[in-house]
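If you want the building blocks of each chain, they are given just below.
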Amino acid sequence: MENEVTIRIGGESGEGTISGGDILALAAARWGYHVYTFRTFPAEILGGPCMFQVRISDKPVKSMGDFADVLICLNKEAFDRNVSDLRRHGGVLIYDPSDFTPDAGDFITYPIPFNDLARKEVQLFQTKNMVMLGAISGLFGPPVEAIAQVVESKLSKSRKSNPILMEKNMLALEVAKKYVTEQLTKRDPHRLGAVEKADRVILNGNQAVVAGALASHVGFFAGYPITPASDIMEGLAKELPQVGGTFLQAEDEIAAITSVLGASFGGARSMTATSGPGFSLMSEALGFASMAEIPAVIVDAQRAGPSTGMPTKMEQSDLSFALSMSHGDTPRMVVAPANVADCYSLMVLAFNMAERYQMPVIFLTDQSLTARVESVDHSAFRPLEIEERIKFGQNGVNGHASAASNGHALSEEEHVFARYAYTASGVSPTTTPGAGAMTYVATGLEHDIYGHPNYEPEDHTAMMEKRFRKLATAAEELPKPQRYGDEDATIGIIGWGSTEGAIQEAVDSARAKGYRVASLHPKILSPLPDRAIREFIRSVQTVIIPECNYSGQLANLLGAKYGLQAIRVNKFGGIPFTAGEILRAIEEVS
Amino acid sequence: MSQVMTLTPKDYKSEVKPTWCPGCGDFGVLNAIYNSMAGMKLAPDQTVVVSGIGCSSRLPHFVQTFGFHSLHGRALPVAQGLKMARPDLTVVAVGGDGDLFSIGAGHLIHAALRNIDITVVAMDNETYGLTKGQTSPTSPTGHTTKSTPYGLLASQFNPIATALSLNVSFVARGFSSKPKELAALVEQGIKHKGFSFIHVLSPCPTFYNTMDVWKTTVTPIPADHDTRNRFKAMELSMETEKPFVGLFYQEERQTMDAAAHQLAQQTKPFDINTYMKRFT
């Protein structure tokens, strides 16, 4: 296709497969294209098969693509592992004949001696991935100059940088381009022509989470290294001091979340980021935050579970846990971004929710979203409004001791203030140390309005209702999900998290084929947007719920809550949905 | 800012009445804390007493400052997070032997390494009081309880030796029946810039009454002890029959909270447009 191609590179971890792919994606994006990447990682540091796929298009792309149009195999194993994802009839297969000769089947094959070109022509074997990029450039685009610019900017920041290496890289690009132009006859239709440049940014989900946290004026981060969330910790370790914040690498996830609660009690907008095993360890403290009404944002970059599971693989299997973790009846909020732009804007929303409702907010990303690079309109990363927690004495919203804020000395009764005063919204004005003479004790024990331990039935009942009232208030106030697709759809798809793009592309394809389809993608999963979901369910005849998990966690939730009998489409191999898989589900129910 | 002038120990007393049994050592510790706070004229709204779970961890409720009665074992991370975010505050963590040396023992190592400027008052009664008398890490070997009906088969934890081995920058021991000396140690600990660890012998009259034993065995650290000598301090810590009370060791060194805030001094207001340029 003109100006659209999906290229997959398969190789061995450590031989430049991923870095080569990164360079290709960045070069294409800077050249004016939309990009969307998908990659797999081995869990081990050195060795093991890995692959990088980038979908490049002059039109916006929402998913990784159903098939690779081009597959570059840097070894025989890469061919064996990836060939099933190469488009039948006309897919392009590129390999080095010194490695292996594939059984070509229905594909267009381009044998290219990557190893020889790097070893003999460039005389530096490490440039093999540059040879590969030169070949891609010569066959499909983008131009060698666009790639060279990215290589140059990357190398200039690298410690390995030296003039000879740079020269060799450039030579590798040219040698390969020359080889494919002179030695091969192009038989495929894929060509990336010049397009208009646009103001876009190119980043992955974890990077957008860090940007969102900084834009939220995060003041404290504590975390413990864990795949695939560590980038967030590393990003904030670097950035926080520059904006006046502080950072702590904790000794474990329990220390991470509890020090976050300590910092938040002190008034800092505070967060942690983790994945499954660490998230499990945070259960008890999440309950404390809910009970003592302390704001906190907890990012859970979901990975395939249970237990240690598959640390570098994608799954959407923490939803049930996020909604119910910690003992007792524990109100919490859950936000699930769908794409890289959401990782920014919903992160800001998550912080605002935590502060506004004085509640822990769980931010559910997943491994594929953490690592996938998208080109996003720059305007999606604009400054957003920051909300602070309601302070005692502010805007006339007081508990009992309203005189305390007026500057005169406090009587003995006044200086204990009603930290947990009953209010219509459930949100009680609070304070932080040093903000005035009023003090209180945060406790995980049931307490009265003053924060004093209290086990009376009336008190526990009223406090429980107050805490849950905040969720009802939030359900009214928070943004509602928007329907996508046909107004008169007969088939409805409800999804959550990073599958939105694939679902929307499937809806588009199905509509083009004449099906009447719509989708709804709630991004706030606690409190659920009841009305929007009920209306959507009522408006269609059949609901499909695609989820990357075994048990159908959203389907279970909507079944329990609305009596919905949905058609479940579950994928749980560790790899996200393609649009084609969802389209097939639509076709099957029609 | 409205400010309550709190100068006497009574002003640090909250309206919540202690839940402890009569004769509990923790009353003495609480009084020492009131006295040390009054002695330093700590502003109640700029002071936070943090605790975990246990009899002694109820203490924040009885003090008229800010308080954070957290989870079992987690007083230290809460206190450290708070101090990192708010180095202007005085942060005191309190707890018992179960809280600090069993479920929360792991945090002690890292608090010591970071040397964040908080003060820990560890009230040790060598038993689990709140859950009615099971064995604790500081119970002596052979100790018979409902959870060790055949006698405790493990060794006894040595809090002072542990703190010294971790190079805690302020290590002291007090006794709840000597509240004046204890108040002085708490005050010294709060004034010390760094992680201060104060081990307090604080008997449980209900489940394991060590009051009479400690009253006869507790021994002041010799006046000529050099508190900069960690090896000598370690030697003193090994004396378990006649537990020494007083200041074992003190060293001034960099605190993580101060260092982190030093790093954060060149602060620019965050601007998303500038930040995003790196992704173009």
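Our subject is the structure listed above.
Keep in mind that what you see is a predicted model, and the values were worked out from it rather than measured. (Residues numbered from 1 in each chain as written. Chains lettered and ligands numbered in written order. Predicted model: local features only at pLDDT ≥ 70, side-chain atom pairs only at ≥ 80, totals over all residues. Heavy atoms only, no water.)

Trainee: Please explain helix H1 (residues 17-30) of chain A as it appears in this structure.
Mentor: Along an α-helix, residues three or four apart share an orientation, since each turn contains 3.6 residues. All names here are of chain A. Relative to the 20 Å expected for 14 residues at 1.5 Å per residue, H1 spans 20 Å between its end C-alpha atoms, a close match to the ideal helical length. The element H1 is largely enclosed, with a buried count of 11 among its 14 residues. Looking at H1, one finds that the buried residues are Thr17, Ile18, Gly20, Gly21, Ile23, Leu24, Ala25, Leu26, Ala27, Ala28 and Ala29. In this fold, the buried residues of H1 make contact with strand S1 (4-12), strand S2 (34-40), strand S3 (49-57), helix H4 (128-139), helix H5 (144-156) and strand S7 (200-204). (Helix = DSSP H or I, 4+ residues; strand = E, 2+ residues; numbered from the N terminus. Expected span 1.5 Å × (residues − 1). Buried < 20%, exposed > 50% of the residue type's maximum accessible area, 1.4 Å probe, protein only. Contact = heavy atoms within 4.5 Å.)

Trainee: Even after reading the chapter, I still don't get helix H9 (residues 253-265) of chain A, so can you show me in this structure?
Mentor: Residues and elements named next belong to chain A. For H9, built from 13 residues, the straight-helix expectation of 18 Å at 1.5 Å per residue is met to within 8% by its first-to-last C-alpha distance of 18 Å. Within H9, 13 of the 13 residues are buried, leaving the element largely enclosed by the surrounding structure. For H9, the side-chain oxygen to backbone nitrogen distance between the N-cap and Ile254 is 3.0 Å, and the N-cap itself is Asp252. Looking one or two residues past H9, Gly267 carries a phi angle of roughly 105 degrees, positive in sign. (Polar contact = N/O pair within 3.5 Å; in protein donor to acceptor, adjacent residues only side chain to side chain.)

Trainee: How do you make sense of unusual backbone geometry when you look at a structure like this?
Mentor: Leaving glycine aside, a negative phi is the common case for residues, and trans is the common case for peptide bonds. Residues and elements named next belong to chain A. Omega for the bond connecting Gly141 with Pro142 falls within 30 degrees of zero, at -10 degrees, which places this linkage in the cis form. Secondary-structure assignment places Pro142 in the loop between H4 and H5. Positive phi, normally seen in glycine, also occurs at Asn3, with a value near 60 degrees. Under the relative-accessibility criterion, Asn3 is labelled buried at 11%. At Gln358, a position not held by glycine, the phi torsion is positive, near 50 degrees. By the secondary structure assignment, Gln358 is in the loop between helix H13 (340-357) and strand S13 (360-366).

Trainee: Would you mind showing me how to read the side chain of A:Thr17 here?
Mentor: Residues and elements named next belong to chain A. Looking at the secondary structure, you find Thr17 in helix H1. At a separation of 3.4 Å, a polar atom in the side chain of Thr17 contacts the main-chain carbonyl oxygen of Glu12. Leave out the neighbours within four places in its chain, and Thr17 touches Ile9, Gly10, Gly11, Glu12, Cys50, Phe52 and Leu74.

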